[in-house]
Amino acid sequence: MDGGTWFISILLFVTSLALIALSFVPYYARYSVLRYAQRLELRLPSHLEGVMGRRLMARMRAGAIGAAVFVAASSASLAWLVEPDIRSNLVGLLVIGAAFVGIGVGTAVAALAASSSVAPDQPRVARAGAVAVKDYLAPVELVGARVVVAGAVLLLVWVTVFTSRYASVDYVGITMFSIFGVLSLVLFEVASRRIVDQSQPAGSTAELVWDDAIRASALRDLVTAPLALGVYSLLFGFVSVADANGDVVFGLLGGIVFVTLLAAAIVSRVTRTQSYFVRRLWPDLRWSDTADATTDAA
Amino acid sequence: MLTIDPKSPVPPFEQLRLQFVEQVRSGELAAGAKLPTVRRLADDLGLAPNTVARCYRELERDGFIETRGRNGSFVSAQGDPAAQQAQVAARAYADRIKQLGLSTDDALAWVAAALRA
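Rules behind the numbers
- Residues numbered from 1 in each chain as written.
- Chains lettered and ligands numbered in written order.
- Predicted model: local features only at pLDDT ≥ 70, side-chain atom pairs only at ≥ 80, totals over all residues.
- Helix = DSSP H or I, 4+ residues; strand = E, 2+ residues; numbered from the N terminus.
- Buried ≥ 20, exposed ≤ 12 C-beta atoms within 10 Å, placed from the backbone.
- Rg over C-alpha atoms; globule rule 2.2 N^0.38 Å.
- Contact = placed C-beta atoms within 7 Å.
- Nonpolar A, V, L, I, M, F, W, Y, C, P; charged D, E, K, R; others polar.
- Pairing = 2+ DSSP bridges.
- Axes fitted to C-alpha atoms, helices over the stretch in contact; angles between N-to-C directions.
- Parallel < 35°, antiparallel > 145°, perpendicular 65-115°, else oblique.
- Left-handed = near helix turned anticlockwise from the far one by under 90°.
- Expected span 1.5 Å × (residues − 1).
- pLDDT = per-residue confidence, 0-100.
- Domains from an automatic or database assignment.
- Bend = angle between axes of the 7 residues up to and from the residue.

1. Focus on the overall build of chain B
Scanning chain B for helices and strands turns up five helices and three strands. Secondary structure elements in chain B, listed N-terminal to C-terminal, are β-α-α-α-β-β-α-α. Taken over the C-alpha atoms alone, chain B extends approximately 50 × 25 × 25 Å along its principal axes. Every one of the 117 residues in chain B was classed for burial, and the buried ones make up 22%.

2. A word on the overall build of chain A
When helices and strands are tallied, chain A shows ten helices and one strand. Listing every helix and strand of chain A by position from the N terminus yields α-α-α-α-β-α-α-α-α-α-α. For chain A, the C-alpha radius of gyration of 21 Å lies close to 19 Å, the compact-globule estimate for 298 residues. When its C-alpha atoms are laid out on the principal axes, chain A stretches across 70 × 35 × 30 Å.

3. A few points about the interface of chain B and chain A
Listed per partner, the contact involves 24 residues of chain B and 23 residues of chain A. Counting only elements with at least two residues in the side of chain B that touches chain A, the list comes to strand S1 (2-4), helix H1 (12-26) and helix H2 (38-45) of chain B. At five residues, the largest contribution of residues to the side of chain B that touches chain A is made by H2 of chain B. The residue inventory of the side of chain B that touches chain A, partitioned by class, reads eleven nonpolar, six polar and seven charged. The pairing of strand S1 (residues 124-126) of chain A with S1 of chain B spans three bridges and is classified as antiparallel. When the bridges of S1 of chain B are listed, Ala126 of chain A appears paired with Leu2 of chain B.

4. Description of the packing of helix H7 (residues 205-245) of chain A against helix H8 (residues 248-270) of chain A
All names here are of chain A. As a packed pair, H7 and H8 sit with axes 7 Å apart at the nearest point and diverge in direction by 155°. When the interaxial angle is binned, H7 and H8 end up roughly antiparallel. The element H7 and its partner H8 pack so that their crossing is left-handed. Here Val231, Leu234, Leu235, Phe238, Val239, Val241 and Ala242 of H7 lie close against H8, whose contacting residues are Phe250, Gly251, Leu253, Gly254, Val257, Phe258 and Leu261. Among the residues forming the contact of H7 with H8, the class breakdown is twelve nonpolar, two polar and no charged.

5. Some remarks on the packing of helix H1 (residues 3-22) of chain A against helix H3 (residues 46-81) of chain A
All names here are of chain A. Relative orientation of the contacting elements H1 and H3 amounts to 155°, with a least axis distance of 8 Å. Classified by the interaxial angle, the pair formed by H1 and H3 is roughly antiparallel. The element H1 and its partner H3 pack so that their crossing is left-handed. Contacts from Ser9, Leu12, Phe13, Ser16, Leu17, Leu19 and Ile20 in H1 reach Met60, Arg61, Ala64, Ile65, Ala67, Ala68, Val71, Ala72 and Ser75 in H3. Among the residues forming the contact of H1 with H3, the class breakdown is twelve nonpolar, three polar and one charged.

6. Here's the deal with helix H2 (residues 26-40) of chain A
Taking 1.5 Å per residue, 15 residues should reach 21 Å; H2 of chain A reaches 21 Å between its end C-alpha atoms and fits that length. Phi for Glu41 of chain A, located one or two positions after H2 of chain A, is positive at around 55°.

7. What to know about the confidence of the model for chain B
Residues and elements named next belong to chain B. Taken over all residues, the pLDDT of chain B has a mean of 89, while the share at 70 or more is 100%. Within chain B, helix H4 (residues 81-100) has the poorest average pLDDT of any element, 82, and H2 the best, 94. Model confidence for the complex is summarised by a pTM of 0.81, with the ipTM given as 0.76.

8. Observations regarding the domain arrangement of chain B
Looking at the assigned domains, one finds that chain B contains domain 1 (12-75) and domain 2 (81-116). The C-alpha-based centres of domain 1 of chain B and domain 2 of chain B are spaced at 24 Å.

9. Brief notes about unusual backbone geometry
One non-glycine residue with positive phi stands out, namely Glu41 of chain A, at about 55°. Of note, Glu41 of chain A is situated in the loop between H2 and H3.

10. Things to note about H7 of chain A
All names here are of chain A. In this model H7 runs 59 Å from its N-terminal to its C-terminal C-alpha over 41 residues, within 8% of the 60 Å that 1.5 Å per residue would give. Where H7 bends most, at Thr224, the angle is about 25°, and the proline Pro226 comes one to four residues later. Summarising burial for H7: 34 of the 41 residues are buried, a large majority. Immediately downstream of H7, the backbone of Gly246 shows phi near 65°, a positive value.

Pasting the structure below:
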């Protein structure tokens, strides 16, 4: 690996360690949960600040631990396995991809291991209808992840069957991005269903709304890995095939993927995908609905 | 939303059944809406699975819900055949509005305009 790639690896590793350390700071927990509430335009009752801050930090810590482990493992294996003359941008992208997968794995473990409870003599509230993953993630993320990973696999098949393996290094890059994209999509599909199927013990509507908010945040972290790896694979694949063969069509396809990516980012920003679950599950939510348990039970 | 109050003199089974009946009658739980699984609702509300299963059985016997094998339990359309058809159509419209991410106010306004036309 060259100096630039080592710099990326060390930067990602140190950032992960810093996030792990920050997750233990109570002030940062409070700041994060209030900022999240502001982004979602949700009110957070003061009695829930502590518990929701701790849950948010536990999830962030697990994601950062996953990222640190995957960045360290991928950097060590790439430094040991990869020839020194390999494209440095490919190795850098692989390390960044490993960080996304690590965040996904850590988040999945934390979300599945998390549990909450309500005192036995307290009123309990629950949703009367069933929920699914599509209630928490906007179509641009949920369908987008499946589409880009399927596109990456199709590109890999096409390159394998119809081209003369133009450059072995680039072929290895497309193969690795596609394989890890598929694996992270499988992880997302399995873990997201299990997360959504978990029970949601809640003593008030506010607790239920905030449990949904933490879930939505975990699912968005999970879906980022297949999305990022699929996009990397398509961009890297189209551009490197175009480079190697001087193929204008592939260069054009790479451009289309890039423009689509920008358009998806704008759509995501404009439609506020992070608060999608509020519109879907709580379309008529009023602040009075998120009062404490005794008011709810009355 | 369902609420179970352990301090209430009404047994949890009856609290649950009455709330479901009320929500189906008022339309808050629309025809075709899927209900949570017995185990999930029991975990959420801190009840025994048998309590929720008994509630679902009674609701099904009274025609409020229907069980579609392994697909789960769904709210049945209520009223005469015409009203039932209208509820099924309303459910399909509501699902499409949610898919498109449109607001409830707009959706209701379009229905009102279509009915007036």
